[in-house]
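A structural walkthrough
The lines below spell out each chain.
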Amino acid sequence: QVQLVESGGGLVQPGGSLRLSCAASGRIFSMNVMGWYRQAPGKPRELVATATSGGHSNYADSVKGRFTISRDNAKNTVYLQMNSLKPEDTAVYYCNADVQMDRRTPFLNYWGQGTQVTVSS
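Residues numbered from 1 in each chain as written. Predicted model: local features only at pLDDT ≥ 70, side-chain atom pairs only at ≥ 80, totals over all residues. Heavy atoms only, no water.

**Let's talk about the pattern of salt bridges**
Using the criterion set out here, one finds six salt bridges in the structure. With a shortest N-O distance of 2.7 Å, Glu46 and Arg38 are connected by a salt bridge. We classify Arg38 as buried; its relative accessible area is 5%. If you follow the salt bridges from partner to partner, you end up with Arg38, Glu46, Arg66 and Asp89 in one network. (Salt bridge = Lys/Arg side-chain N within 4 Å of Asp/Glu carboxyl O. Buried < 20%, exposed > 50% of the residue type's maximum accessible area, 1.4 Å probe, protein only.)

**What about the environment of Arg27?**
Along the chain, Arg27 turns up in the loop between strand S3 (18-26) and strand S4 (30-39). Exposure remark for Arg27: the relative accessible area of 47% places this residue in the partly exposed category. Sequence separation between Arg27 and Pro14 is 13 residues; the distance between their C-alpha atoms is 39 Å. Excluding residues within four positions of it along the chain, Arg27 makes contact with Gln1, Val2, Val99, Met101 and Asp102. Polar side-chain contacts of Arg27 include one of 2.9 Å to the side chain of Asp102. (Helix = DSSP H or I, 4+ residues; strand = E, 2+ residues; numbered from the N terminus. Contact = heavy atoms within 4.5 Å. Polar contact = N/O pair within 3.5 Å; in protein donor to acceptor, adjacent residues only side chain to side chain.)

As structure tokens, then:
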């Protein structure tokens, strides 16, 4: 099996920064897209940013220019640097990844347990 474990959430004032990390562990042969999603109370889960193993990134319009996604393929880890945080960024942030456990199996999609980010003065 595969586990995704997020860290780095917390409480920050508006305008502040946080860096989220997500490490994948378990039986991993290859990883494709890794990304971050978020869900605020009473709202559906939404995409924040994704990054392919080849280095292509995609961002939600609401975070462009403020958030940066990066990944360390050797460590099976994806990061989300969040700057200029706003109260509307408050949500539970979830890591997501497409993982292939061996060369004969298809890629399967996995989710982390989520980490709370609260932006408030």
